[in-house]
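Architecture at a glance
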Amino acid sequence: MSTLTPESPGAAVTVAPEALRIELAIGGMTCASCANRVERKLNKMDGVVASVNYATEKAHVEYPAGVEPEALVATVEAAGYTATLPPPPAAPSETPAPTDEIDPTASLRHRLLVSAVLAVPVVVVSMVPAFQFTYWQWLALVLTAPVVVWGAWPFHRAAWVNLRHGAATMDTLVSVGTLAALAWSVYALVWGTAGIPGMVHPFTLAVSRGGGAGQIYLEVAAGVTVFVLAGRYAEARSKRAAGAALRALLEMGAKDVAVLRDGVEERIPVAALAVGDRFVVRPGEKIATDGTVEDGTSAVDASMLTGEPVPVDVQPGSAVVGGCVNTSGRLVVAVTRVGADTRLAQMAKLVEDAQTGKAAVQRLADRVSSVFVPVVIALAVATLGFWIGTGEGVAAAFTAAVAVLIIACPCALGLATPTALLVGTGRGAQLGVLIKGPEVLESTRRVDTVVLDKTGTVTTGRMELVDTHVADGEDPDEALRMAGAVEDGSEHPIARAIADAARAADGAGLPGVSEFEAVHGLGVRGVVSELVDNRVVAHAVLVGRPALLANHDIELPASLIEAREKAENAGHTAVVVAWDGHARAVLTVADGIKPTSADAIRRLRALGLRPMLLTGDNGAAARTVAERVGIDPDDVIADVMPEDKVAVVTRLQGEGKVVAMIGDGVNDAAALATADLSLAMGTGTDVAIEASDLTLVRGDLLAAVDAVRLARRTLSTIRGNLFWAFAYNVAAVPVAAAGLLNPMIAGAAMAFSSVFVVTNSLRLRTFRSSTDRPV
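Residues numbered from 1 in each chain as written. Predicted model: local features only at pLDDT ≥ 70, side-chain atom pairs only at ≥ 80, totals over all residues. Heavy atoms only, no water.

For the protein chain, the helix and strand inventory stands at 26 helices and 26 strands. Considering the protein chain as a whole, with its 775 residues, one finds that 52% of them fall into the buried category. Counted over contacts in the protein chain with a minimum sequence separation of 6, partners at least 24 positions apart contribute 71%. Accessible surface for the protein chain amounts to roughly 33100 Å². Of this, 59% is attributable to carbon and sulfur atoms. (Helix = DSSP H or I, 4+ residues; strand = E, 2+ residues; numbered from the N terminus. Buried < 20%, exposed > 50% of the residue type's maximum accessible area, 1.4 Å probe, protein only. Contact = heavy atoms within 4.5 Å. Areas by Shrake-Rupley, 256 points an atom, 1.4 Å probe, with all protein chains shown as cover.)

As structure tokens, this is what we get:
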């Protein structure tokens, strides 16, 4: 067993002594290019080193003493975004006043709902001639105007910021397309013939040059705005969860603590603890902060921090870490570290640093738009100039130019990613896979290495009886029954594993025990009474380490010594059983391997991925597990602390590997945030889940295989959607540029592209689980 020591995290980047650090909350970013723009602006300041994370909407800035924080804020605002300084820290003794958390997505949700309510009637009345009553077009204008102006305001604002910096993104395309559709509709209604009473949209395939003055495109402007707002809202909700890992990690600690003052217990907030204070930890309670045990003995469950399934025995002088759970005896602990110096806070810093350094994948739509938008705008300008130059008149030229912009409006593009993601995530949820957002999908295509945590990922994370070896002439069932009866009085996980196995093997129930005693660090003893031939037979039973038997002058026979050594060499825990002065058996307890793990490893290899085992457990246990599930011994890395896991992932990335990390514990959170693709077991801790890109609800590794396959399939569908969403529009652009745009052609192209995108996305519903497919 290992001992808990409050290690410091891995080496941080060396900064000049005079450098100061600050974290700014950045607002107004709509894509990864925005984050890059803010980062470049800050880094242009003398002595400033900044890193901006689009996912968490934060900027981590190192700046010299001569630079005021307000100057950093001003630089961000000059780039067209907002920046907020962190609030001043509260005094340790102060209890922060409760505040209602403000949902940053509330404004976007409100904008989406209002726009949808206004847009639905516009789309219906514009597309169904039977509903086109007298003056319907003017009602459509009244309903569409607030959708395009107010509902799409975030896109207009972002497009203006991008324009100032010579960039074009999805926001530019949406803004230009919706404004062009609205502007042309207003022109056709006021100066053209579209505003006359009784006007209807004609359903004819005939085309005529310059005939656009009688057509309106209000349903295009309103529909595109709502579609893209819906996609943006879904993305915002996913992005908001990026910082939840840190909140969940810090919330793992105790909220209050029983501190000893003049021998009297007094409950105070954990924030009020100071180094040197003494506090009490009862069985089942969390240890409030890092410290040293002064009085009492117990076993501490540190699995969420260290990854080791076996609790750590502590006694006076042992170091303990805040956030771990005291499983048995009462402890008195002297505080050695508080606040940001604690191990839990250091782990939170690891996760935060990892998330900050993890570059967000720029949206596919933005990458395509960066080329498509300038081309469309250039074509529109060229069309305008060409028709004016040929003497067709300003009205005809303007009609053709605006038609180019309208036909390029990304109605299907607004559906391309959200629909595929919606169907893909829905199918994933049925299979036990939760995908957090479209930005995580691209990593699955490039991943070539899968790093697996052992405890709770490959194994169950629970101690199980795996073998019973008895001395010559002894009955294995009797040995297990005797051991289980005594261990049933202990709360130790190893004891629970033996007792549960004995209870399951003996349907009649365990015999009674008297004079039970737990010998700290050695095991348990008691008197087991059984009814044999109508008389009570009592046996003095010892269960625990060999040292417990040695204290009672009981020697182990050679066969049991060999069995114990074999178990320990495999990294398992060996428990010796003796009664009536003789050693009878050795029980082997280990962290059980999940039944699907070996099959999952084979399937991961079939996907072209290299599995590696990374664990805080000892090397012997790790190699035994690796051998049983099919992982090469050279790909086993054991005895690592949380910060070491980050270093391993970083080293693999430095070797050119694209790394996926699968874990379930707090000790995996920082490595999950560092990896190119992170998958958390849904049976694990909230911190690991929040720090991951994909969550495996089923809690077995076959779900990880499904996650990789489904993510790759979903990404492929999104790429196909994007291609066809643009292809249909591009095909009609020459018609528009030629001045032959007919509303039927425009409507058909947009409708067909949208239907195709949705239908293509629905194909994801046929995705089959790995359990239904042979390797």
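What follows covers the environment of Val658. Within the secondary structure layout, Val658 lies in the loop between helix H22 (642-654) and strand E24 (659-663). Spatially, the C-alpha atoms of Val658 and Asp676 are 6.2 Å apart, while their sequence positions differ by 18 residues.

The subject of this paragraph is helix H19 (residues 558-569). With 12 residues, H19 ought to run about 16 Å at 1.5 Å a step, and its terminal C-alpha atoms sit 16 Å apart, in line with that. Residues of H19 that are buried include every one of Leu560, Ala563, Arg564 and Ala567, and no others. In a view along the axis of H19, the buried residues occupy a sector of 100 degrees, so they form one face of it. Opposite its buried face, H19 presents the exposed residues Ala558, Glu562, Lys566 and Asn569, each directed more than 90 degrees away. Here the buried face of H19 lies against strand E16 (459-470), helix H18 (546-550), strand E20 (573-579) and strand E21 (582-593). Count one or two residues on from H19 and you reach Gly571, which has phi positive near 85 degrees. (Expected span 1.5 Å × (residues − 1). Arc of directions from axis to C-beta.)

Residues annotated by UniProt as "transmembrane region" (unreviewed entry) correspond here to residues 112-129, 135-153, 173-196, 216-234, 368-388, 394-417, 722-739 and 745-764. A distance of 27 Å separates the end C-alpha atoms of residues 135-153, which is 89% helix and 0% strand. Counted over residues 173-196, helix gives 75% and strand 0%. Its end C-alpha atoms are 31 Å apart. (UniProt positions renumbered as here; feature names shortened; annotations may be inferred.)

Another point: the sheet that holds strand E4 (residues 82-84). Strands sit in the order E2-E3-E1-E4 across an open sheet of 4 strands; the sheet is antiparallel. Edge positions in the sheet fall to strand E2 (49-53) and E4, since each of these pairs with one other strand and no more. Ignoring strand direction, the axes of neighbouring strands in this sheet form an average angle of 25 degrees. Note that strand E1 (residues 20-27) and E4 share 3 bridges and pair antiparallel. By the bridge assignment for E4, Ile26 is matched with Ala83. (Pairing = 2+ DSSP bridges. Axes fitted to C-alpha atoms, helices over the stretch in contact; angles between N-to-C directions.)

Quick look at H22 now. Between its first and last C-alpha, H22 extends 19 Å over 13 residues, near the 18 Å set by a 1.5 Å rise per residue. Turning to H22, its buried residues number three or more, namely Pro642, Glu643, Lys645, Val646, Val648, Val649 and Leu652.

It is worth spelling out the nonpolar core at this point. In terms of nonpolar packing, the biggest core is built from 48 residues, with Val122, Trp136, Phe155, Ala194, Ile216, Leu218 and Val404 touching the most fellow members. For this core, the secondary-structure elements that each account for two or more residues are helix H3 (106-127), helix H4 (136-151), helix H6 (170-190), helix H7 (218-240), helix H11 (364-389), helix H12 (394-407) and helix H25 (701-737). When neighbours within four sequence positions are excluded, Val404 is seen to be in contact with Val376, Leu379, Ala380, Thr383, Val733, Ala736 and Ala737. Core analysis: the next-biggest nonpolar cluster, separate from the first, contains 37 residues, Ile662, Met681, Leu701 and Val705 among them. (Core = buried A, V, L, I, M, F, W, Y, C linked by side-chain atoms within 4.5 Å.)

All right, on to the pairing of E20 then. Counting buried residues along E20, 6 of its 7 residues qualify, which places the element largely inside the surrounding structure. Two elements, strand E19 (residues 535-544) and E20, share 4 bridges in a ladder whose sense is antiparallel. Across the sheet, the residue bridging to Leu542 is Ala578, located in E20. Adjacent in sequence and paired antiparallel, E20 and E21 are bridged by 2 residues, among which Asp580 carries a positive phi angle near 55 degrees.

What follows is about the sheet that holds E24. In spatial order, the strands read E14-E26-E25-E24-E15-E22-E23; together these 7 strands make up an open sheet with mixed pairing. Taken across any chain shown, the strands that pair with only one partner, and hence form the sheet edges, are strand E14 (433-435) and strand E23 (636-637). As defined by bridge partners, strand E15 (residues 449-453) adjoins E24 across 4 bridges and the pair is classed as parallel. Considered in E24, the bridge of Thr449 is made with Val659.

For the structure shown, the criterion picks out 24 salt bridges. The residue Glu266 makes a salt bridge to Arg261 at a minimum N-O spacing of 3.9 Å. Taking relative accessible area as the criterion, Arg261 reaches 34% and is therefore assigned partly exposed. Overlapping salt bridges bring together Asp488, Arg496, Asp500 and Arg503 as one network. (Salt bridge = Lys/Arg side-chain N within 4 Å of Asp/Glu carboxyl O.)

The subject of this paragraph is the packing of aromatic side chains. Summed over the entire model, instances satisfying the criterion amount to 3 aromatic pairs. Ring geometry for Phe386 versus Trp387: centroids 5.1 Å apart, planes at 75 degrees, classification edge-to-face. Exposure remark for Trp387: the relative accessible area of 8% places this residue in the buried category. Put simply, the rings of Trp184, Tyr187 and Trp191 touch in pairs and so form one group of aromatic residues. Here the guanidinium or amino end of Arg111 rests over the ring plane of Trp150, the centre of that ring lying 4.9 Å away. (Phe/Tyr/Trp six-rings, centres within 6.5 Å; stacked < 30°, edge-to-face > 60°. Lys NZ or Arg CZ within 6 Å of the ring centre and 35° of its normal.)

Within the secondary structure, Ser175 sits in helix H6. If near-sequence neighbours (up to four positions away) are discounted, Ser175 is found in contact with Phe155, His156 and Ala159.

Looking now at a positive patch on the surface. Side chains of Arg40, Lys41, Lys44 and Arg164 sit close together on the surface and give a patch of like positive charge. As for its position among the elements, Arg40 is in helix H1 (residues 32-43). (Patch = residues over 30% accessible without salt bridge, like charges linked within 9 Å, V, L, I, M, F, W, Y side chains within 5 Å. Lys, Arg positive; Asp, Glu negative; His and termini not counted. Charge placed at Lys NZ, Arg CZ, Asp CG, Glu CD.)

Moving on: the environment of Val257. Within the fold, Val257 resides in strand E5 (residues 256-261). Taking the relative accessible area as the measure of exposure, Val257 reaches 3% and is therefore buried. For the pair Val257 and Leu273, spaced 16 residues apart in the sequence, the C-alpha separation amounts to 8.5 Å. Ignoring anything within four residues of it in the chain, the contact list for Val257 reads Glu266, Arg267, Ile268, Pro269, Val270, Leu273, Phe279 and Ala288.

Pairing geometry for E5 and strand E6 (residues 264-269), over 6 bridges, is antiparallel. Within the sheet, the bridge partner assigned to Val259 lies in E6 and is Glu266. Connecting E5 to the next strand, E6, in antiparallel fashion are 2 residues, including Asp262 with a positive phi near 55 degrees.

Okay, the confidence of the model for the protein chain next. Summary statistics for the protein chain give a mean pLDDT of 78 and a share of 79% for residues scoring 70 or more. Mean pLDDT across the elements of the protein chain bottoms out in helix H8 (residues 244-251) (55) and peaks in H4 (93). Predicted confidence for residues 1-17 stays below pLDDT 50, and this span has 37 contacts to residues more than four positions away or in other chains. A low-confidence stretch, residues 90-101 (pLDDT under 50), is modelled with 4 contacts involving residues beyond four sequence positions or located in other chains. (pLDDT = per-residue confidence, 0-100.)

Let's shift gears to the packing of helix H16 (residues 476-487) against helix H17 (residues 493-505). Packing of H16 against H17 leaves a shortest axis separation of 8 Å and a crossing angle of 130 degrees. Judged by the inter-axis angle, H16 sits oblique to H17. The hand of the H16/H17 crossing is left-handed. For the pair H16 and H17, contact is made by Leu480, Arg481, Ala483, Gly484 and Glu487 and by Ala495, Arg496, Ile498, Ala499, Ala501, Ala502 and Ala505, respectively. Of the residues in the contact of H16 with H17, the class split is 8 nonpolar, 1 polar and 3 charged. (Parallel < 35°, antiparallel > 145°, perpendicular 65-115°, else oblique. Left-handed = near helix turned anticlockwise from the far one by under 90°. Nonpolar A, V, L, I, M, F, W, Y, C, P; charged D, E, K, R; others polar.)

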